[in-house]
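# Chains, contacts and geometry: an overview
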Amino acid sequence: MTTNKITVAVPKADGNTNPIIHKATVSAPTNIACIKYWGKADSHYNTPINDSLSLTLDQSDLRAVTSASASLAFDKDRLWLNGSEEVGAASSRRFRACVDGVRALATEKIDPDTKEVIVSKDDWKKMHVYIASYNTFPTAAGLASSAAGYAALVAALVELFGAKESYPGEFTAIARQGSGSACRSLYGGFVAWRAGGEKSDWSDSIAEQVADEAHWGEVRAVICVVSDAKKETSSTAGMSTSVATSELLAFRAKEVVSKRMKIIEEAIKAKDFEAFGKVTMMDSNQFHATCLDTYPPIFYMNDVSRSIVQLVHRYNDWAGEIRAAYTFDAGPNAVLYTLDKH
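Note that the structure is predicted; figures quoted are calculated from it, not measured. (Residues numbered from 1 in each chain as written. Predicted model: local features only at pLDDT ≥ 70, side-chain atom pairs only at ≥ 80, totals over all residues. Heavy atoms only, no water.)

## Remarks on the pattern of salt bridges
- This structure, assessed with the given rule, holds 13 salt bridges.
- Between Arg96 and Asp100 there is a salt bridge, with its nearest N and O atoms 3.1 Å apart. Taken together, the positions of Arg96 and Asp100, both in helix α1 (residues 93–103) and four residues apart, correspond to about one turn of that helix.
- Salt-bridge contacts for Arg194 lead to Glu208; the nearest nitrogen and oxygen are separated by 3.0 Å. (Salt bridge = Lys/Arg side-chain N within 4 Å of Asp/Glu carboxyl O. Helix = DSSP H or I, 4+ residues; strand = E, 2+ residues; numbered from the N terminus.)

## A word on the confidence of the model for the chain
- Across the chain, pLDDT averages 91, with 92% of residues at or above 70.
- Confidence over residues 3–16 falls short of pLDDT 50; this stretch has 28 contacts with residues more than four positions distant or in other chains. (pLDDT = per-residue confidence, 0-100. Contact = heavy atoms within 4.5 Å.)

## Let's talk about helix α3 (residues 145–161)
- Across its 17 residues, α3 extends 24 Å between first and last C-alpha, which sits within 8% of the 24 Å expected from 1.5 Å per residue.
- With 15 of its 17 residues buried, α3 lies for the most part within the structure.
- Positive backbone phi, at 60 degrees, marks Gly162, one or two positions downstream of α3. (Expected span 1.5 Å × (residues − 1). Buried < 20%, exposed > 50% of the residue type's maximum accessible area, 1.4 Å probe, protein only.)

## Notes on the packing of α3 against helix α4 (residues 170–178)
- Close contact between α3 and α4 brings their axes to 9 Å; oriented N to C, the two are set at 135 degrees. Between α3 and α4, the angle is such that the two are oblique. As for the relative orientation of α3 and α4, their crossing is right-handed in sense. Side by side, α3 and α4 meet where Tyr150, Val154 and Val158 of the first sit next to Phe171, Ile174, Ala175 and Gly178 of the second.
- Among the residues forming the contact of α3 with α4, the class breakdown is six nonpolar, one polar and no charged. (Axes fitted to C-alpha atoms, helices over the stretch in contact; angles between N-to-C directions. Parallel < 35°, antiparallel > 145°, perpendicular 65-115°, else oblique. Left-handed = near helix turned anticlockwise from the far one by under 90°. Nonpolar A, V, L, I, M, F, W, Y, C, P; charged D, E, K, R; others polar.)

## Section: the sheet that holds strand β15 (residues 219–224)
- Spatially, β15-β17-β16 is the arrangement adopted by the three strands of the open sheet, whose pairing is antiparallel. Both edges of this open sheet fall to β15 and β16 (324–328), since each of them pairs with a single strand only. Neighbour-to-neighbour, the strand axes of this sheet turn through a mean angle of 25 degrees, independent of strand direction.
- As judged from the five bridges shared by β16 and strand β17 (residues 334–339), these two strands associate in the antiparallel manner. Across the sheet, the residue bridging to Ala325 is Tyr337, located in β17.
- Against the sheet, helix α7 (residues 273–293) contacts β16 and β17, and its axis sits at roughly 25 degrees relative to β16.
- The strands touched by helix α8 (residues 303–319) within the sheet are β15, β16 and β17, with β16 carrying the most contacts at an inclination of about 160 degrees. (Pairing = 2+ DSSP bridges.)

## Regarding the packing of aromatic side chains
- Under the defined criterion, the tally for this structure stands at 14 aromatic pairs.
- Their ring planes at 5 degrees and their centres at 3.7 Å tell us that Phe74 and Tyr130 sit as a pair that is stacked. Taken together, the positions of Phe74 in the loop between β7 (63–71) and β8 (78–81) and Tyr130 in strand β12 (residues 128–135) put the pair 56 residues apart, joining distant regions of the chain.
- Overall, the relative accessible area of 10% leaves Phe74 in the buried class.
- Where Phe273 meets Phe276, the ring centres are 5.8 Å apart and the plane angle is 45 degrees; that geometry is what we call tilted. Of this pair, Phe273 and Phe276 both sit in helix α7, three residues apart, roughly one helical turn.
- On the basis of relative accessible area, Phe273 is assigned to the buried category, the value being 6%.
- An aromatic cluster is present here, built from Phe190, Trp216, Phe273, Phe276 and Tyr337 joined pairwise through their rings.
- We note Arg78 situated over the ring of Tyr130; from NZ or CZ to the ring centre the distance is 5.4 Å. (Phe/Tyr/Trp six-rings, centres within 6.5 Å; stacked < 30°, edge-to-face > 60°. Lys NZ or Arg CZ within 6 Å of the ring centre and 35° of its normal.)

Rendered as structure tokens:
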């Protein structure tokens, strides 16, 4: 992710330059899951019923850009998304978990020249924040916009407050309280989200990098935007219904995912696209099967989505090997993984 710190002085009517607005601007990537996360184990901590694994996409086309500002001049927390203020959003549980979680890890801001303390830890606690964020791709269309958005939010707050982790992966634990898959967008390359659950506060539900972005540079992702419309069933609502009604989902979490995680992690480390592509497609298919098994059923894919599935299988049959692999998150849009040589 990229960062750019800006500090702006806002003059008062009497010409003084206090209070200061402290600002940090950060961009964060989206990620597309190969082994899917679907279903919450604990809704309060926003933890999953199974492990998952994703590939973080390059920020050249798909990213969220977030500016976080803090000042004693602000009288309340406020949030703007894609140019429009989200009234009441700053008091939402997910937003508060991220802001309060990172602020609790804030450090003193030191003047690099004079070494004087500009902002103390107690000063940060007294300041309200303004957050402005925008996506460079469709929101709520199955391209993990919330993952990029909350990852950018946490990263911007970390930069703003100079926050330091008290244990490895703590920032990812905070990000997943905003949006589960956001924890995976804090790292590049291939990233696993470990479900956790051994600790009562779920602090072990964190993201870990399986391989960095330089490990398998030949992998390419082709985004097929079938529709940029907002999906009818949100991921949060869909997960809740699936956990309550789908026996297939429960079987998947208990019996299937751990085996697939082992297969795909080994495939990534060995750069075995045949194994990687097959398990990615199988897991996408099973995820959408659990949506159909949900009562009432949830339909994220459409006819064009299904045509893409058929096309990929025909192409691979023609090639005599797996050269392309599809995956669909909670939406109709496809992500096709392939190698640069193809």
